[in-house]
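Fold and contact review
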Amino acid sequence: MKSAYRTLRVACMLVSAIAPLAAAALGPVEATLTVTQEAAGPRIEPTIYGQFVEHLGSGVYGGLWVGPDSKIPNTRGWRNDVTAALRKLKVPVVRWPGGCFADDYDWRDGIGDPAKRPVRVNKNWGNVLENNSVGTHEFMDFSEMLGADVYLAGNMGSMPPRAMAQWLEYMTSDSQSTLAQERRRNGRDKPWKVKYFGIGNESWGCGGSMRPEYAANVHRQYATFLRAPVTRVASGDGEGNDEVTEVMMARAQGSMDALSLHYYTVPNGWDHKGAATGFDALGWAKMLQTAMGMEGRIARTSQIMDKHDPQKRVALFVDEWGTWHDAEPGTNGAFLYQQNTLRDAMVAALTFDIFHRHTERVKMANIAQMVNVLQAMVLTDGDKMLLTPTYHLFDMYQPFQGATPLKTTLQTPNYRQGDIVLPAVDVSVARGVDGATYIALVNLDPQHPARVQTNLSQPAKGRILSATAMDAHNSFDHPATVLPTPYTAALVGGRLTLDLPPKSIVVVAVPSQAIQK
């Protein structure tokens, strides 16, 4: 098995080396990158690389949780293989238990003896049974295993504010109150730290179908009773509706510390999402164009927030984002299980580049979702597990966690596909916490290579993510089809020059002293 894996990896590396040479016959497009030492904004908060876990399909049961009695190796019920992979990403924060599931969730269903917990119907996601074997204690244990902060989504849609306040007291109180004592009897003496608390989810939709004015009033009511020191997150826009942001900021900003924004990459609309694989060049370009629409959505939302909060006290949390394709054939459509290709990794790279350009407002983001749902990091099938191209992209971008974005100028030609016109190259540059300068470059064009000349004066090393096919993906039979490989950029005429194969993502590190005026 190990020999076969090594052979497969070598084959992938050879493909990575040969593909650029073949594409080079078409001639690279030329771009110029000028990097300065001046900060472009506040640091990139590590929480921008957050994750989202919802009780949906096999996102929890089977994907993360198998139970302590499972033959699949686990620690207190959590899969060892998946947990180890996620720890490698240094996941900073996890949002749970939803999503739409959160606003139909009674936290009391998930405490106490697991054998005595009630069985409910998951009405949002397939009407399947939810046995509540994963509840508060289990999830908080999982977060501690990851070393991640907790972002809880409270039920503002179908439970009273007192219930939300009691959940928070149950988790965080160090007193001798009845709720704190109940937590101790259930096995946790020391209080947990809950750093972020979402007051509802998608209040305009599955969280209550509320008009903005009513949602703002209800938010203020619920926020009044959250007396623990948490970051209070208000439910914001998810449909491109500026009125939601306007009303929430005008009427409720004093009762929030952050406002959420949801943005999914669905280029053809909800009724014609399309498959994750098998698309053509136009499908590739449409997806990237829609992903880059995140920039305008953040800019417009920030503009409205600035009008009401010029000091930028209220953060913007993009706590649901990612690609949303048709469910894989043969699976339950309500479980949102989809394949994950190089195109999905490109969407993630472009999205992170956007977040890095808006650090004055964007302080957290949570991709949807962690395992087996939508744009997942990990896919599982029984005891098998694979890492997706999106996982590898998150891994490559790790040096940007906590880094300071730098002012840059990128001169790039356009990439055209039909009526779609996009920049051929996208970039993010930041000074890492280790002092090095990190450069992420994305060649959006699936056919033409790109050459990027910089004003940097030293060679650079890093990794590249690319593949021969636009829809290249990892499967359980071929889990190493899309993997990062080593990458080196040399000096040309005394300037660091990066050659990017078609449809590729490169992240390199260079010493900061390499920056020239």
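Before going into details, it helps to say that this report is about the structure given with it.

Definitions and limits used
Residues numbered from 1 in each chain as written. Predicted model: local features only at pLDDT ≥ 70, side-chain atom pairs only at ≥ 80, totals over all residues. Heavy atoms only, no water. Helix = DSSP H or I, 4+ residues; strand = E, 2+ residues; numbered from the N terminus. Expected span 1.5 Å × (residues − 1). Buried < 20%, exposed > 50% of the residue type's maximum accessible area, 1.4 Å probe, protein only. Polar contact = N/O pair within 3.5 Å; in protein donor to acceptor, adjacent residues only side chain to side chain. Pairing = 2+ DSSP bridges. Axes fitted to C-alpha atoms, helices over the stretch in contact; angles between N-to-C directions. Contact = heavy atoms within 4.5 Å. Phe/Tyr/Trp six-rings, centres within 6.5 Å; stacked < 30°, edge-to-face > 60°. Lys NZ or Arg CZ within 6 Å of the ring centre and 35° of its normal.

**A few points about helix α9 (residues 342-356)**
- Over its 15 residues, α9 extends 21 Å from the first C-alpha to the last, a length consistent with the 21 Å expected when each residue adds 1.5 Å.
- The buried fraction of α9 amounts to 15 of the 15 residues, a majority that puts the element mostly inside the structure.
- Near the N-terminus of α9, the side chain that reaches the backbone nitrogen of Arg343, with its oxygen 3.0 Å away, is that of Thr341.

**Thoughts on unusual backbone geometry**
- For the peptide bond that leads from Trp96 to Pro97, omega is 5°, which places it in the cis range.
- Tracing the sequence through the fold places Pro97 in the loop between β5 (93-96) and β6 (120-122).
- Geometrically, the link from Ala368 to Gln369 is a cis peptide bond, its omega value of -10° lying close to zero.
- Relative to the helices and strands, Gln369 is located in the loop between β13 (362-368) and β14 (378-381).
- Positive phi, normally seen in glycine, also occurs at Asn127, with a value near 55°.
- By secondary structure assignment, the location of Asn127 is in the loop between β6 and β7 (128-130).
- Phi is positive for Ser209, close to 50°, though the residue is something other than glycine.

**A short note on the sheet that holds strand β24 (residues 495-500)**
- The strand order around the closed barrel built from 9 strands is β1-β16-β19-β20-β25-β22-β23-β24-β21, with neighbouring strands paired in mixed fashion. For this sheet the average axis-to-axis angle between neighbouring strands, irrespective of direction, equals 30°.
- As defined by bridge partners, strand β19 (residues 425-431) adjoins strand β20 (residues 437-443) across 7 bridges and the pair is classed as antiparallel. Opposite Arg431, over in β20, you have Thr437 as the bridge partner.
- Sitting on the sheet, α9 is in contact with β16 (404-411), β19, β20, β22 (460-465) and β25 (504-510), with an inclination near 130° to β20.
- Its contacts with the sheet put helix α10 (residues 389-396) on β22 and β25, and the angle it makes with β22 is roughly 165°.

**Considerations on the packing of aromatic side chains**
- Per the stated rule, a full pass over the model turns up 23 aromatic pairs.
- Seen in terms of ring centroids, Trp107 and Tyr170 are 5.2 Å apart; in terms of plane orientation they differ by 45°. Their pairing is tilted. Residue Trp107 is located in the loop between β5 and β6, and its partner Tyr170 is located in helix α4 (residues 161-172); the two are separated by 63 residues in the primary sequence.
- Taking the relative accessible area as the measure of exposure, Trp107 reaches 3% and is therefore buried.
- Residue Tyr170 is classed as buried on the basis of its relative accessible area, which comes to 0%.
- Both rings, one in Phe352 and one in Phe355, keep their centres 6.2 Å apart while their planes meet at 70°; by these two values the pair is edge-to-face. Taken as a pair, Phe352 and Phe355 lie in helix α9 at a separation of 3 residues, close to a single helical turn.
- The rings of Tyr49, Trp321, Phe352, Phe355, Phe394, Tyr397 and Phe400 are connected pair by pair, giving a single aromatic cluster.
- For the cation-ring pair, Arg95 lies above Phe52, with the distance from its terminal atom to the ring centre recorded as 4.7 Å.

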